[in-house]
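Each chain is listed here by its residues.
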Amino acid sequence: MIRKANETDVKRIIELLHQVNMVHYEIRPDLFKPHTTKYDEHELEALLTDDQKPVFVYEDGQILGYAFCQITEVKGHALLQDVKTLYIDDICVDEAARGRHIGKALYEHVHHYAQSIGCHNITLNVWEGNTPALSFYKSMGMGIQKTTMEVIL
């Protein structure tokens, strides 16, 4: 079952955030610190009350995955069209539960949610080197919108 996350889910989400962080750390140890998360429990509890940043969880006896989202709108911009976007900040499926189509279920839930609130598109970022994530999102029908480039000095 997929539902909006609540305060009782915080400890488990923190555990999954650790898994995601380690994926990023292994790809880019020059940018990411090991064994940490981007939110602590208090920050996550506050985030769960923000309707512009919904968090969904996949539950099957325990939380096996999550999707962190952010809703943004451009209105009256001189250059850009008025548009409402759902940005997927993070999707995680527990390492022990991968291969059970939980990621697909979470993505499809977010997709339907975005449609239901009138979004024009869904966006996300994938770190170079995270080939499984890139392949997954392509299999969900996503394509490249823009490319961020860097040079390390």
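For the structure itself, consult the block above.
Residues numbered from 1 in each chain as written. Predicted model: local features only at pLDDT ≥ 70, side-chain atom pairs only at ≥ 80, totals over all residues. Heavy atoms only, no water.

### Section: the packing of aromatic side chains
At step 1: Here the structure, examined in full by the defined rule, presents 5 aromatic pairs.
At step 2: Ring centres of Phe-32 and Trp-127 lie 5.2 Å apart, and the angle between their planes is 85°; on these two criteria the pair is classed as edge-to-face. One end of the pair, Phe-32, is in the loop between helix H1 (10-27) and helix H2 (41-47); the other, Trp-127, is in the loop between strand S5 (121-124) and helix H4 (131-139), and 95 residues separate them in sequence.
At step 3: Residue classification places Trp-127 among the partly exposed residues on the basis of a relative accessible area of 34%. (Phe/Tyr/Trp six-rings, centres within 6.5 Å; stacked < 30°, edge-to-face > 60°. Helix = DSSP H or I, 4+ residues; strand = E, 2+ residues; numbered from the N terminus. Buried < 20%, exposed > 50% of the residue type's maximum accessible area, 1.4 Å probe, protein only.)

### As for the environment of Ile-88
At step 1: Mapped onto the secondary structure, Ile-88 falls in strand S4 (residues 83-93).
At step 2: For the pair formed by Ile-88 and Ile-117, sequence separation is 29 residues and the distance between their alpha carbons is 15 Å.
At step 3: Dropping the residues within four chain positions of it, Ile-88 is found in contact with Phe-68, Tyr-107, Val-110, Ile-122, Thr-123 and Leu-124. (Contact = heavy atoms within 4.5 Å.)

### With respect to the pairing of strand S2 (residues 55-59)
At step 1: A large share of S2 lies buried, amounting to 4 of its 5 residues.
At step 2: With 3 bridges joining them, strand S1 (residues 2-4) and S2 adopt antiparallel strand pairing. Residue Ile-2 lies in a different strand from S2, and its bridge partner there is Tyr-58.
At step 3: Sheet topology note: the S2/strand S3 (residues 63-74) ladder contains 5 bridges and is antiparallel. Of the residues in S3, the one forming a bridge with Glu-59 is Ile-63. (Pairing = 2+ DSSP bridges.)

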